[in-house]
Amino acid sequence: MSKERITCVWCLPDALWERMAPLLPKYAVSRKGGRPRLPSRQIAEGIFYVLRTGCQWKAAPREYGSGSTLHSYFQEWTELGVFRRLWKAALLEYDELKGIQWEWQSMDGAMTKSPLGGEKNREKPHRSRKTWGQAIRADRRTRRAFGRRYKRCQYA
């Protein structure tokens, strides 16, 4: 497989980008100079790469920018409500294409007992909460950890 084919799988299609671009924040060029900002498309592709693959920010391919840069843009866009606007636009577009039954919606969830939770109104034990290894023994000798039967020694 060629490198271009692998990276192109994660690219945003041009038609999608044209619908997304107006919803993203516009950045002015700094008059003080410094390092120029990354293009918004490159940032969006990097953020969606991390969200789709589940990789860590630092593990994102360098072609999208550094992981810390992608993460800072992700936090900024989250605070600005960019992803909420993208979600809303996608829902409205889907509603126009297929139709969403807004009158009837359902939520999915699961409520189960925790496996070791016990019952709520059970009888309380009459002993202290200290376990076997925490109590001080009567002969006051220290116990050795399991698996340390033999003395430590170095072998030549």
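Residues numbered from 1 in each chain as written. Predicted model: local features only at pLDDT ≥ 70, side-chain atom pairs only at ≥ 80, totals over all residues. Heavy atoms only, no water.

Residue placement: Glu45 occurs in helix α3 (residues 40-53). Leaving out residues up to four positions away in the same chain, Glu45 has contacts with Trp10, Cys11, Leu12 and Tyr64. (Helix = DSSP H or I, 4+ residues; strand = E, 2+ residues; numbered from the N terminus. Contact = heavy atoms within 4.5 Å.)

A few words now on the pattern of salt bridges. In total, this model carries three salt bridges according to the counting rule given. A salt bridge links Arg41 to Asp14; the shortest N-O distance between them is 2.8 Å. In this pair, Arg41 sits in helix α3 while Asp14 sits in helix α2 (residues 14-20), placing the two residues 27 residues apart along the sequence. A salt bridge links Arg19 to Glu93; the shortest N-O distance between them is 3.2 Å. With Arg19 in helix α2 and Glu93 in helix α5 (residues 82-97), this residue pair connects regions lying 74 residues apart in the sequence. Judged by relative accessible area, Glu93 falls into the partly exposed class, the value being 31%. Several salt bridges share partner residues, and in doing so they unite Asp14, Arg41 and Glu45 into one network. (Salt bridge = Lys/Arg side-chain N within 4 Å of Asp/Glu carboxyl O. Buried < 20%, exposed > 50% of the residue type's maximum accessible area, 1.4 Å probe, protein only.)

Attention now moves to the nonpolar core. Nonpolar side chains tend to gather and get buried jointly when the protein is soluble and globular. The biggest cluster of nonpolar side chains holds 17 residues, and the ones touching the most others in it are Trp17, Met20, Ala44, Ile47 and Trp77. Breaking this core down by element, the ones donating at least two residues are α2, α3, α4 (67-80) and α5. With five residues, α3 is the single largest residue contributor to this core. For Met20, the residues in contact, after removing those within four places along its chain, are Leu12, Ala44, Phe48 and Leu86. (Core = buried A, V, L, I, M, F, W, Y, C linked by side-chain atoms within 4.5 Å.)

Take the confidence of the model for the protein chain next. Counting all residues, the mean pLDDT for the protein chain is 79, and 67% of those residues have values of 70 or more. Ranking the helices and strands of the protein chain by mean pLDDT puts α4 first, with 96, and helix α1 (residues 3-8) last, with 53. Low pLDDT (under 50) marks residues 1-6, which in the prediction has one contact with non-local residues, meaning those over four places away or in another chain. (pLDDT = per-residue confidence, 0-100.)

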